[in-house]
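Coordinate analysis (summary)
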Amino acid sequence: MNFKFNAEVADAIKTKKPIVALESTVIAHGLPYPFNLKTAKNLEKIVRENGAIPATIAVFDGEFCVGLNDEQIEQLATDKTIRKISRRDLPIAVAKRLNCATTVSTTAFIAHRAGIKVFATGGIGGVHRGFAADVSADLPELAQTPIVIVCSGAKIVLDLPATREWLETNGVCVLGFGCDELPAFYSRTSSLTVDERIETAGEVAGIVQARDELNLQSAILLTVPVPETFEIEAEELEKILCESLKLAEQKKINGKEITPFLLVQMSERSSGKTLAANIALLENNAQVAAQVALEIYK
Ligand code: PSU
Ligand code: MN
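Let me begin by describing the structure that accompanies this report. (Residues numbered from 1 in each chain as written. Chains lettered and ligands numbered in written order. Predicted model: local features only at pLDDT ≥ 70, side-chain atom pairs only at ≥ 80, totals over all residues. Heavy atoms only, no water.)

**As for the overall build of the protein chain**
For the protein chain, the helix and strand inventory stands at 12 helices and 11 strands. The proportion of buried residues among the 298 residues of the protein chain is 54%. Counting only carbon and sulfur atoms, one obtains 52% of the accessible surface of the protein chain, whose full area is about 13,000 Å². When the 31 basic and 38 acidic side-chain charges of the protein chain are each reduced to a single mean position, those positions are 6 Å apart. (Helix = DSSP H or I, 4+ residues; strand = E, 2+ residues; numbered from the N terminus. Buried < 20%, exposed > 50% of the residue type's maximum accessible area, 1.4 Å probe, protein only. Areas by Shrake-Rupley, 256 points an atom, 1.4 Å probe, with all protein chains shown as cover. Lys, Arg positive; Asp, Glu negative; His and termini not counted. Charge placed at Lys NZ, Arg CZ, Asp CG, Glu CD.)

Right under this line is the structure:
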């Protein structure tokens, strides 16, 4: 496999420093410019401040880039031709030497094969509402990649109960970091349970070690609720989400376009509140991921 490490990550691998992988689809397709650029840099800074090394992952010229330079991050944030890729796209991206943003599925795929144990993001993909055949490639990837994914649950635009069931059926261990309920992205509750409530990063490291001793090949999903001050009440959220979903249906938007479309719509309808919450939870998750990486590497 054709990996390209930046100097910081290459050194971290050599000297066995804790590394946190970060995804690039959230930069290229999840957040609007210039917030995406600022957030991408901030996430890396937060990981460093917490004692770990950030490895933002993307594909440039068909190469798996683990740790990017400023120019590459800038390109992800501004270049509209960057392709969003999940597992099915990997052979195309490599053969045709494409520039691509990696989703949770492809970021986890590359990070694991580069030896990285922890990955921070906002929300994973899952089973879509109203179209149960649209199951994100993120889910099967979690079932077959032994990594820790720190997130705030699944993207709110999804069918959360169906996504929760999928994780259970396929053996993905779901932990709640200081919470009993699976966080619902912009809100801290969902009425769905996690498999275990966890209070410290050290506890997570213990569960990771047990998973590895059992030789289980599935991911551990460490869910962290959005910081309280940024939470958006479920009722308000449901309203703007329904409006956005209706518009998506009218405009016949589907496939990989649906999530970016809904995120923009919801941000506009909430006067930016969903955008602020999205950034806050990403930053918070990066911090938790760094703490977990430190414990795992101890
Ligand atoms: N959550 C967000 N914003 C995003 C995504 C998730 O808040 O942009 C991205 C992630 O990269 C995730 C992808 O892996 O959406 C899933 O897309 P799909 O539903 O098309 O599989
Ligand atoms: Mn899909």
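**Examining the site of ligand 1**
Residues in close proximity to ligand 1 total 17 residues, the closest being E23, K84, V104, S136 and D138. Here V104 contributes a backbone N or O atom positioned 2.7 Å from an oxygen atom of ligand 1. At 3.0 Å from an oxygen atom of ligand 1 is found a side-chain nitrogen or oxygen belonging to K155. Computed on the free molecule, ligand 1 has an accessible area of 470 Å², of which 94% lies beneath the protein chains in the complex. (Near = heavy atom within 4 Å. Polar contact = N/O pair within 3.5 Å; in protein donor to acceptor, adjacent residues only side chain to side chain.)

**Let's talk about the side chain of D138**
Looking at the secondary structure, you find D138 in helix α7 (residues 138-143). K155 provides the closest opposite charge to the buried, unpaired D138, separated from it by 5.8 Å. Residues contacting D138, with those up to four places away along its chain left out, are T103, V104, S105, I124 and G125. (Salt bridge = Lys/Arg side-chain N within 4 Å of Asp/Glu carboxyl O. Contact = heavy atoms within 4.5 Å.)

**Quick word on the packing of aromatic side chains**
In total, this model carries three aromatic pairs according to the counting rule given. One aromatic cluster in this structure is built from F3, F5 and F64. The ring centre of F109 lies 3.6 Å from the NZ or CZ of R113, which sits over that ring. (Phe/Tyr/Trp six-rings, centres within 6.5 Å; stacked < 30°, edge-to-face > 60°. Lys NZ or Arg CZ within 6 Å of the ring centre and 35° of its normal.)

**Quick notes on the pairing of strand β11 (residues 220-223)**
The side-chain alternation of β11 yields two buried faces, one formed by I220 and L222 and the other by L221 and T223. With four bridges connecting them, strand β8 (residues 148-151) and β11 associate as parallel partners. Across the sheet, V150 pairs through a bridge with L222, a residue of β11. Two elements, strand β9 (residues 173-177) and β11, share four bridges in a ladder whose sense is parallel. Across the sheet, residue L175 finds its bridge partner in β11, namely L222. (Pairing = 2+ DSSP bridges.)

The values are spatial; any link to function lies outside them.
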